[in-house]
Amino acid sequence: MWDTEAFAQGSMSVVLFTPRGKDYQSSHEQDELYIVLKGSGVLFVEGTRHPFVAGDVLFVPANKVHRFEEFSQDLVTWAMFWGPQGGEAERP
């Protein structure tokens, strides 16, 4: 796995995320957005599977168990973390 922080400002961090073989992530304290640049697979979030392909945008709320599964070996994403610990409140 290769993670490179490309940008950080205030509570926001942008990371180039390229898991290889198996995704060993754990839940994060902030909301997270993935922009899939290359590859395909399934994002598992709290028991729900979300198939994705290049060009998709994926959201993971703070503190949710998640990982990439069945992903292609060329998977490349931008991962963006932002906001307060525990995530932002949903809009009504």
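Each remark here, short or long, concerns the structure printed above.
Note that this is a predicted model, so its numbers are computed, not measured. (Residues numbered from 1 in each chain as written. Predicted model: local features only at pLDDT ≥ 70, side-chain atom pairs only at ≥ 80, totals over all residues. Heavy atoms only, no water.)

Peer 1: Please set out the pattern of salt bridges residue by residue, giving values where relevant.
Peer 2: One pass over the full model with this rule turns up three salt bridges. For the salt bridge of R49 with E69, the shortest nitrogen-to-oxygen distance reads 2.7 Å. In this pair, R49 sits in strand 5 (residues 48–53) while E69 sits in strand 7 (residues 66–69), placing the two residues 20 residues apart along the sequence. Its relative accessible area of 41% is what places R49 among the partly exposed residues. E69 serves as the salt-bridge partner of R67, at 3.0 Å between the closest nitrogen and oxygen. For R67, a relative accessible area of 29% corresponds to the partly exposed category. On the basis of relative accessible area, E69 is assigned to the buried category, the value being 17%. By sharing partners, the salt bridges in this structure join R49, R67, E69 and E70 into a single network. (Salt bridge = Lys/Arg side-chain N within 4 Å of Asp/Glu carboxyl O. Helix = DSSP H or I, 4+ residues; strand = E, 2+ residues; numbered from the N terminus. Buried < 20%, exposed > 50% of the residue type's maximum accessible area, 1.4 Å probe, protein only.)

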